[in-house]
Amino acid sequence: MKLSHFITTHLENILLEWDIFARSLFPVSPPPPPHVLRDHAREILQEIVADLGRHQTAEQQKEKSEGQNLENIDKKSPAAIHGTLRQASGFTLTQLTAEYRALRATVLRLWVPYIQDGTHESSADMMRFNEALDQALAESVVTYSENADRTRDTFLAILGHDLRSPLSTMSMAGQFLVRPSVGSEGTRQIGARVARSAANMNSMIKDLLEYARTQLGDGIPLTRAPVDLRDIFQAARDDTQAAYPDCPFALETSGDLTGSFDGPRLQQLFSNLLNNAAQYRDDTHPVTLSVHGNADGVTAKVCNLGPVIPAGSLQAIFDPLVQLSANPGEQQGAPSSSLGLGLFIAREITSAHGGTITAASNHESGTVFTVKLPRA
């Protein structure tokens, strides 16, 4: 019996086994009704049957076996919708793929008694079935992953936005406590700690919001205006000094540093680089920010002497959610206050300005981040 005919005539038996398996995976008790358990299982099988019935050339078979470009999948196919709904229902990606593995095993196990051993037709049917099921699985995984990423990034955006209000209150409390007219010396020390913590948290929330913005497809918008970058670099240094009061910072500027830039974005960029440098420096050298402007643009370098970053880590240093690490078990400076987003945000702001950012690390020069910003 041809596999397409077998699936059509035994569809209810196959779906019944799908129900049983899905019920064992569903994270909610009691299990939901059958139409939720089956989701788009019937339509997925019917789509596979339709594929088995279509004529396929050798070239088409070769292309299918190599895998369809996942960027061109049909997001409205039953399998794609199934992936979306399973993500919304609380299934894990492992459970989603387990469903397809069980479906494959069920269909082939029930079909075996109806075929003749070793026939060319049955072998071809089995190959076509596996290709079609693999494509359906790929469509489900793509939409599952996209929706999971979107849910995560939306949550991060909401979280970062909602944290700003209590953080503002915390910052004002710290500023109030450090006033000479308020309390004692001990009170002022507590106020200073509160202010430093608020500065650290504010930097993290900014990075969180920018990361969510880029992942949700909005990118980092710029509002250019004539600025003197000396003021921007000084503000970034002051921001970082508040978070790392025991770290010495050196600012060196030369040349023409005026131009049309997004000042607040660049202040965020260099605050991130200085925070990173302060966190991983050694205790005997300052963090330096040296800037030079010429006719073409502005070049800024942030340098710290500390543990050398391995060459392999430099390749991924600007990727999101990657945290720098010193030698195993050895981290210099303050405890990490990073989400692993600071360098990613720095790269995105630099790119939005049409510039470049690179990193180098060795024992002689330390770790140096170089930012080049064109004037035009």
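Residues numbered from 1 in each chain as written. Predicted model: local features only at pLDDT ≥ 70, side-chain atom pairs only at ≥ 80, totals over all residues. Heavy atoms only, no water.

(A) The arrangement of the overall build of the chain in detail. Broken down by element type, the chain carries 13 helices and seven strands. Relative to its full complement of 376 residues, the chain shows a buried share of 40%. Long-range pairs, those at least 24 residues apart, make up 75% of the contacts in the chain between residues at least 6 apart in sequence. Surface exposure of the chain reaches about 19,300 Å², of which carbon and sulfur atoms provide 55%. (Helix = DSSP H or I, 4+ residues; strand = E, 2+ residues; numbered from the N terminus. Buried < 20%, exposed > 50% of the residue type's maximum accessible area, 1.4 Å probe, protein only. Contact = heavy atoms within 4.5 Å. Areas by Shrake-Rupley, 256 points an atom, 1.4 Å probe, with all protein chains shown as cover.)

(B) The sheet that holds strand 5 (residues 297-304), seen in detail. Read across the open sheet, the five strands follow the order 2-4-5-7-6; overall the sheet is mixed. In the strand order of this sheet, the two ends are held by strand 2 (249-255) and strand 6 (356-362), each with one partner. Averaged over all adjacent pairs, the angle separating strand axes in this sheet is 15°, with direction ignored. Here strand 5 runs beside strand 7 (residues 366-374); their pairing, made up of eight bridges, is antiparallel. The residue bridging threonine 299 from the neighbouring strand is lysine 372, located in strand 7. (Pairing = 2+ DSSP bridges. Axes fitted to C-alpha atoms, helices over the stretch in contact; angles between N-to-C directions.)

(C) Here's a closer look at the confidence of the model for the chain. Looking at the chain, the pLDDT average stands at 81 and 80% of residues meet or exceed 70. Overall, residues 326-338 carries pLDDT values under 50, and its contacts beyond four positions in sequence, including any with other chains, amount to 22 contacts. (pLDDT = per-residue confidence, 0-100.)

(D) Quick look at the packing of helix 2 (residues 11-25) against helix 7 (residues 93-111). Orientation of helix 2 relative to helix 7, taken along the N-to-C sense of each, is 150°, at an axis distance of 10 Å. Taken together, the axis directions place helix 2 and helix 7 in an arrangement best described as roughly antiparallel. Considering only the axes of helix 2 and helix 7, their crossing is right-handed. On helix 7, the residues that touch Ile14, Glu17, Trp18, Phe21, Ala22 and Leu25 of helix 2 are Gln95, Ala98, Glu99, Ala102, Leu103, Thr106, Val107, Arg109 and Leu110. Looking at the contact of helix 2 with helix 7 residue by residue, the class counts come to ten nonpolar, two polar and three charged. (Parallel < 35°, antiparallel > 145°, perpendicular 65-115°, else oblique. Left-handed = near helix turned anticlockwise from the far one by under 90°. Nonpolar A, V, L, I, M, F, W, Y, C, P; charged D, E, K, R; others polar.)

(E) Inspection of the pattern of salt bridges at higher detail. Applying the stated criterion across every chain yields a total of twelve salt bridges. Notably, a salt bridge pairs arginine 86 with glutamate 99, separated by 2.6 Å at the nearest N-O pair. A residue pair is termed long-range when its members are at least 10 positions apart, and arginine 86 in helix 6 (residues 78-88) and glutamate 99 in helix 7 qualify at 13 residues. As far as the burial class goes, arginine 86 and glutamate 99 line up, both buried. (Salt bridge = Lys/Arg side-chain N within 4 Å of Asp/Glu carboxyl O.)

(F) Examining the packing of helix 2 against helix 4 (residues 41-53) more closely. Interhelical geometry of helix 2 versus helix 4 gives an angle of 135° and a closest axis separation of 10 Å. By the angle between their directions, the pair helix 2 and helix 4 is classed as oblique. Remark: the crossing between helix 2 and helix 4 carries right-handed chirality. Two secondary-structure elements touch here, helix 2 through Leu11, Glu12, Ile14, Leu15 and Trp18 and helix 4 through Ala41, Arg42, Leu45 and Gln46.

(G) Local environment of the nonpolar core. Ranked by internal contacts, the top residues of the largest apolar core, which has 38 residues, are Leu229, Leu266, Leu269, Phe270, Leu273, Leu289 and Val302. Taken together, the elements giving at least two residues each to this core come down to helix 10 (229-243), helix 11 (263-280), strand 4 (287-293), strand 5, helix 13 (342-352) and strand 7. Broken down by element, the residue count for this core peaks at seven residues, all from helix 11. Apart from the residues lying within four places of it in its own chain, the contact partners of leucine 229 are Leu257, Phe261, Leu266 and Val298. Membership of the second largest hydrophobic core comes to 28 residues, among which are Leu37, Leu45, Val49 and Leu137. (Core = buried A, V, L, I, M, F, W, Y, C linked by side-chain atoms within 4.5 Å.)

(H) Quick peek at the pairing of strand 4. Only one face of strand 4 is covered, namely the one carrying Val287, Leu289, Val291 and Gly293; the face carrying Thr288, Ser290 and His292 has none of its residues buried. In this sheet, strand 4 lies alongside strand 2 in parallel orientation, the contact comprising seven bridges. Paired with threonine 253 across the bridge in strand 4 is valine 291. Bridge count for strand 4 against strand 5 is six bridges, and the pairing is antiparallel. Counterpart to serine 290 in the pairing with strand 5 is lysine 301. A loop of three residues connects strand 4 with strand 5, the two strands running antiparallel in sequence.

(I) Spatial organisation of the packing of aromatic side chains. For the coordinates displayed, the defined rule picks out three aromatic pairs. Judged by centre distance (5.4 Å) and plane angle (50°), the ring pair of phenylalanine 6 and tyrosine 114 falls under tilted. Of this pair, phenylalanine 6 sits in helix 1 (residues 3-9) while tyrosine 114 sits in the loop between helix 7 and helix 8 (120-177), and the two are 108 residues apart along the sequence. On the accessibility criterion, phenylalanine 6 (1% relative accessible area) is buried. The partly exposed category is assigned to tyrosine 114, whose relative accessible area is 39%. Ring centres of phenylalanine 233 and phenylalanine 270 lie 4.8 Å apart, and the angle between their planes is 80°; on these two criteria the pair is classed as edge-to-face. A residue pair is termed long-range when its members are at least 10 positions apart, and phenylalanine 233 in helix 10 and phenylalanine 270 in helix 11 qualify at 37 residues. Take phenylalanine 233 and phenylalanine 270: they sit in the same class, and that class is buried. Positioned above the aromatic ring of phenylalanine 91 is the side chain of arginine 86, whose terminal nitrogen or guanidinium carbon lies 4.4 Å from the ring centre. (Phe/Tyr/Trp six-rings, centres within 6.5 Å; stacked < 30°, edge-to-face > 60°. Lys NZ or Arg CZ within 6 Å of the ring centre and 35° of its normal.)

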